[in-house]
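Residue strings, one per chain:
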Amino acid sequence: MEFAELIKTPRADNVALHRPFYPAVEGTLCLTGHHLIFSSRRQDNAEELWLLHSNIDSIEKRFVGSLGTIIIKCKDLRIIQLDIPGMEECLNIASSIEALSTLDSVTLMYPFFYRPMFEIVEDGWRSFLPDQEFELLSSVTDEWRLSCINKEFSVCPSYPPVVIVPKSIDDEALRKVAMFRQGSRFPVLSYYHKKNGMVMMRSSQPLTGTNGRRCKEDEKLINATLRPGKRGYIIDTRSLNVAQQARAKGGGFEQEAHYPQWRRIHKCIERFNILQESLIKLVEACNDQSHNMDRWLSKLEASNWLTHIKEILTAACLAAQCIDREGASVLVHGTEGTDSTLQVTSLAQIILDPRCRTIRGFESLVVREWLQAGHPFQQRCAQSAYSNTKQKWEAPVFLLFLDCVWQILRQFPCSFEFNEQFLIMLFEHTYASQFGTFLGNNENERSKLKLPQKTMSLWSWVNRSEELSKFQNPLFEANSLVIWPSVAPQSLQLWEGVFLRWNRPSKFLDEAQEEMISIIRYNKELQAKVNALRRQLAEMETDERMQENL
Amino acid sequence: QVEQVKLLDRFSTSNKSLTGTLYLTATHLLFIDSSQRETWILHHHIAAVEKLPLTTSGCPLVIQCKNFRIVHFVVPRERDCHDIYNSLLQLSRTAKYEELYAFSYNPKQNESEQVKGWQLIDLAEEYKRMGVPNANWQLSDANRDYKICETYPRELYVPRTASKPIIVGSSKFRSKGRFPVLSYYHKNKEAAICRCSQPLSGFSARCLEDEHMLQAISKANPSNRYMYVMDTRPKLNAMANRAAGKGYENEDNYSNIRFQFVGIENIHVMRSSLQKLLEVSGTKGLSVNDFLSGLENSGWLRHIKAVLDAAVFLVKAIAVESASVLVHCSDGWDRTSQVCSLGALLLDSYYRTIKGFMVLIEKDWISFGHKFSDRCGQLDGDPKEISPVFTQFLECVWNLTEQFPQAFEYNEAFLLQIHEHVHSCQFGNFLGNCQKEREELKLKEKTYSLWPFLLDEKKKYQNPLYNPYFSPGLTLLEPNTVSFNFKFWRNMYHQFDRSMHPRQSVFNLIMNMSEQNKQLEEEIKELEAKIKQRNGQSDLVLVKEQQLPVRPAPTALKTPPCFKKDQPLIPVNDAVRTIEGSNTADNRYSEFVEEFSKAEPAVVSLEYGVARMTC
């Protein structure tokens, strides 16, 4: 298929563009296979807008006489409006955009066509390999091994080819455990807490069913992570009720009788359409500026967004607490172990592990705990808050995770090497990107699509000093401690940088931010200067003394 | 003195507590815990004391303070608890002004310092700064002896064309004699903010002098013929007042006025709104939705928005239309003070400086007779008179500082400190209900003014991001009052609940850093001077020296090899930067583990020392 077939009208003149915070501007609209391009005709002040079709969440058309209006709602929550003279042109453009923004085939997506203009210093596809991670681990413990059991994705389709498992468990046992866990997602290592040697594992639910099936190997596997006489915690991200109901469908949870050394805690974290609806409601509330106070607060409440944030953070804090304070190992799972499970395991690591609060460490965390762990990005991020087609698989799971990180960042503004912009950038790229990183639903699909060969990695672009400087937090000072965030409702805030970004001008806040950065920079300069002067003075003194001695 | 008293964590559902000794002094309640940390509570700050039913560990005593601190003690013996309770009740309820702390507070100032302190804020000077008296406005001596209006100050500015009979006539037609006077004069627009109380119009009464008065105000503004009259009350309330012979201006009787209601609720609504807000925010184990719906039901943010919206309306009339505005409510000392002072703050960048803010409070709140004593319940009196009107004003200002982080010289701590002292009765400024009363109490001789003390600690209250040339050519602030801009003021209502605040404060960090920058600048000057001096002594090393400063010296940063002076190079305030995020027990999620650890004695309990936090 050629893109040209989809583009009924490639170009329209005298189009007026309306977008947040800018006065309307007139210019020419062009459609290409992957972009909607608008450029103003004015020579003195040429303005251009490039919008990826894949960033378009939904479009609306309106007509007043022969003037057509297309309202484009983007996945990054921005809304722009195009006034196009001529009804036919407008209809053609609208249907072209519609077709181009809803391409079925992944291989037609922009990342497969994108040719980077920057120099590639480091191939992001090879930046975070499991072997490196394991090497780090082996330097502190020898109780774990790298298993290649999933080499051809033959055991678990949503796991990476290599996983870290207890040394005492052989591949044969793993195969049996895989049969006992939904989607074959057997327990694997997620995090090793150096401070006390406790670990966090993740998996999917055990397939106990109604008759309480058990699997000795499964019990043996997770018991292998316990110290003698110690107990562990299983954090089930579903309520007890939901977990019990899951048994009817063949799923279930670990029975006390079979896992006597483990305590199970149920924390209810929502999934799927409940989250998607929450996002839709929240964005709706934020976009309506006419709301009076009562209506705004009740809409904010009705969206339940902050409730989800609190639930996720609470569960993550609990997991971190079990590991760090109770000195116990933890196994986290929900149903499939690809959504709420990953929110909990990755946030717990941010709380526990200072490395995850650096830029590189955070990237590595996203790769390990989300991409390699098989969070189905393509399904979850197919549509964002403006989608009107109800599909079952969309859910802002990763956005919620980023929001939780932002909440912790707000409470510990000096403990993170990255800033809010970094998180917003990741949010944008999960929904629409020129990079292949977030395409596909798991490593298996990515390898079939040959993404590393055919597309550019987001990390190749981000990890260059020009880009990195935008994402660095000037206040960062490595904090080796565990950081416990407050989850009181009074401490949680709406993430304005994402949800109010297009609704309220941030000029004054941005300027204040710049001023803050310049104070910090000035401080560094002064310190350096003082030191230089002191040294100079000291040298002069020594010289003098030497001269005196002579 | 009572020993073995427990101080409970307000939000913890477990029985975690600090044990220590409780002392009662003449002015304070003091609790010293086993690690010698002190908690001081001024008796005047106590809003309510409550004894809860006896428990196995003792008799619980809950103290609510006006600065939103809530402490929960458990006293082992009921008898002691009862004694403390009774003493606190007596000590926190003062019958006479003379018994207030301000009259016994002695900050070791001599008399001339005391006098100078009171002279720090000079309102005559302030009116001069605004540009009055001038061709259209003059100082009136009508109220010099408080004969016309007891609750106004002696010195009032009125239009030149308003003769004494007009003033007298107008004052008789206004509630409590509070006739229209100048509150703020906008030099460039030649427009004025005036204030008064409601007219005694009933259903049909009119007063020619009052009509003349308003006309005089209109005419004092050469750039616009019409003026606005803002009634800050909801229309319904104003109409109800007509039945009592009060009411609002009839547009037919006054020429060239544009009348507008802005719908700020009365003191009673505000009081119960705050009460509801505090109930919600004080709930243990609060869920997000309960918090948000509680916030909504309390109406608090709605009221804050209404006050700020009214100020924005006023400012538009002046800045856009160059029209003068007359503001009133019922008596013209609550909502009117809020709107006039916020309007001036938005119009004039002077009020966004530390000194200017003091002036603003002295002018629109203290001198114009906001009843601080009644509203803050300084004396034991009618609880229905208490209302958080001034707190709302501070909260509006805080919201503005959040929207315009560079426009204000002062910071949040300044606002909180003023709030603290409005209730502390430690200084004379806020005692009493009006100037006349203050003069009778001889406050200037017997008590001290708060302002010099705040100025002495100026460093603490400075906003490091303040830029006096913020948006050049534009002194006017145009706040965005869309609902989502208003946030719950955590640092006010949970000031003492440390576990709720960010564990690292960017603000403190930047504040310290910009302070340190000044020191470093000084030091550079000093060092350069020394080097220069030495250069004069010997030319030998000259070449070397010139090269040196260009070279960065990263290794020297931490430990300059041959330098042993006091080290100003220590990283800015360690405590702020690298505190561990408190202990898990401070946060609500800990309780889940505790719950089942009870059944399982093998599990280690979750008691850890509280890591230090700064907020």
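Values in this document were obtained by computation on a predicted structure and should not be read as measured data.

1. Re the overall build of chain A
Of the regular secondary structure elements, chain A holds 20 helices and 14 strands. For a compact globule of 550 residues, the expected C-alpha radius of gyration is about 24 Å, and chain A comes in at 26 Å, within 12% of that figure. Its C-alpha atoms put chain A at 95 × 75 × 50 Å along the principal axes. Every one of the 550 residues in chain A was classed for burial, and the buried ones make up 61%. At a minimum sequence separation of 6, the contacts of chain A that also span at least 24 residues come to 70%. For chain A, the separation between the mean place of its 64 positive charges and that of its 68 negative charges on side chains is 6 Å.

2. Re the state of the cysteines
Residue and element names in this part refer to chain A. For the coordinates displayed, the defined rule picks out zero disulfides over all chains. The structure places no disulfide on cysteine 90, whose sulfur is separated from the nearest cysteine sulfur, that of cysteine 30, by 16 Å. There is no disulfide at cysteine 356, and the cysteine sulfur nearest it, in cysteine 317, is 15 Å away.

3. So, the sheet that holds strand β6 (residues 67-74) of chain A
Residue and element names in this part refer to chain A. Read from one edge of the open sheet, seven strands run β4-β3-β2-β1-β7-β6-β5, paired in antiparallel fashion. Looking along the sheet, the strands with just one partner apiece sit at the ends: β4 (48-52) and β5 (56-64). Between one strand axis and the next, the sheet turns by 30° as a mean value, whatever way the strands run. Examined bridge by bridge, strand β1 (residues 11-19) and strand β7 (residues 79-85) share three bridges and lie antiparallel to one another.

4. Points about the domain arrangement of chain B
Residue and element names in this part refer to chain B. Split into domains, chain B comes out as domain 1 (2-93) and domain 2 (129-499). Computed from C-alpha atoms alone, the centre-to-centre distance between domain 1 and domain 2 is 36 Å. Domain 1 puts 13 residues into the contact, and the matching count from domain 2 is 23 residues. For the pair domain 1 and domain 2, the two sides together bury roughly 1600 Å², of which 57% comes from carbon and sulfur. The largest per-residue losses of area from domain 1 upon contact with domain 2 belong to Arg10, Phe11 and Phe68, which jointly make up 41% of the total buried on that side. Seen at the junction of domain 1 and domain 2, the total is zero salt bridges. Viewed at the interface, domain 2 and domain 1 are joined by four residue pairs in polar contact (both at pLDDT 80 or more). Residue composition of the side of domain 1 that touches domain 2, by class: three nonpolar, five polar and five charged.

5. Thoughts on the UniProt feature "active site" (unreviewed entry) in chain B
Residues and elements named next belong to chain B. The sites that carry the UniProt feature "active site" (unreviewed entry) are, in the present numbering, Cys329. The class for cysteine 329 is buried, based on a relative accessible area of 2%. Among residues more than four places away in sequence, those in contact with cysteine 329 are Cys196, Ser197, Gln198, Asp231, Thr232, Arg233, Asp334, Arg335 and Thr336.

6. A look at the UniProt feature "binding site: substrate" (unreviewed entry) in chain B
All names here are of chain B. Sites flagged by UniProt as "binding site: substrate" (unreviewed entry) map to Asn266, Ile267, Cys329, Ser330, Asp331, Gly332, Trp333, Asp334 and Arg335. Despite a sequence span of 70 residues, these residues sit close together in the fold, their greatest C-alpha distance being 12.1 Å. Overall, the relative accessible area of 22% leaves asparagine 266 in the partly exposed class. Only 3.0 Å separates the side chain of asparagine 266 from the backbone nitrogen of valine 269, close enough to count as a polar contact. The residue arginine 335 is located in helix α11 (residues 335-347) in this model.

7. Some words on the sheet that holds strand β4 (residues 38-42) of chain B
All names here are of chain B. In space, the seven strands of this open sheet follow the order β4-β3-β2-β1-β7-β6-β5, with antiparallel pairing throughout. Each having just a single partner strand, β4 and β5 (46-51) make up the two edges of the open sheet. Averaged over all pairs of adjacent strands, the angle between strand axes in this sheet comes to 30°, irrespective of strand direction. For strand β1 (residues 2-8) and strand β7 (residues 70-75), the ladder comprises three bridges, and the chain directions are antiparallel. Its bridge partner lying in β7, leucine 7 is registered against phenylalanine 73. In this fold helix α1 (residues 78-92) packs onto β1, β2 (17-24), β3 (28-33), β5, β6 (59-65) and β7, with an angle of close to 155° to the strand it touches most, β5.

8. Observations concerning the domain arrangement of chain A
Per the domain assignment, the segments making up chain A are domain 1 (3-104), domain 2 (130-271 + 304-504) and domain 3 (507-539). Using C-alpha coordinates to define each centre, domain 1 of chain A is positioned 46 Å away from domain 3 of chain A.

Reading the values: the criteria
Residues numbered from 1 in each chain as written. Chains lettered and ligands numbered in written order. Predicted model: local features only at pLDDT ≥ 70, side-chain atom pairs only at ≥ 80, totals over all residues. Heavy atoms only, no water. Helix = DSSP H or I, 4+ residues; strand = E, 2+ residues; numbered from the N terminus. Rg over C-alpha atoms; globule rule 2.2 N^0.38 Å. Buried < 20%, exposed > 50% of the residue type's maximum accessible area, 1.4 Å probe, protein only. Contact = heavy atoms within 4.5 Å. Lys, Arg positive; Asp, Glu negative; His and termini not counted. Charge placed at Lys NZ, Arg CZ, Asp CG, Glu CD. Disulfide = S-S within 2.5 Å. Pairing = 2+ DSSP bridges. Axes fitted to C-alpha atoms, helices over the stretch in contact; angles between N-to-C directions. Domains from an automatic or database assignment. Buried area = accessible area lost by both parts, 1.4 Å probe. Salt bridge = Lys/Arg side-chain N within 4 Å of Asp/Glu carboxyl O. Polar contact = N/O pair within 3.5 Å; in protein donor to acceptor, adjacent residues only side chain to side chain. Nonpolar A, V, L, I, M, F, W, Y, C, P; charged D, E, K, R; others polar. UniProt positions renumbered as here; feature names shortened; annotations may be inferred.

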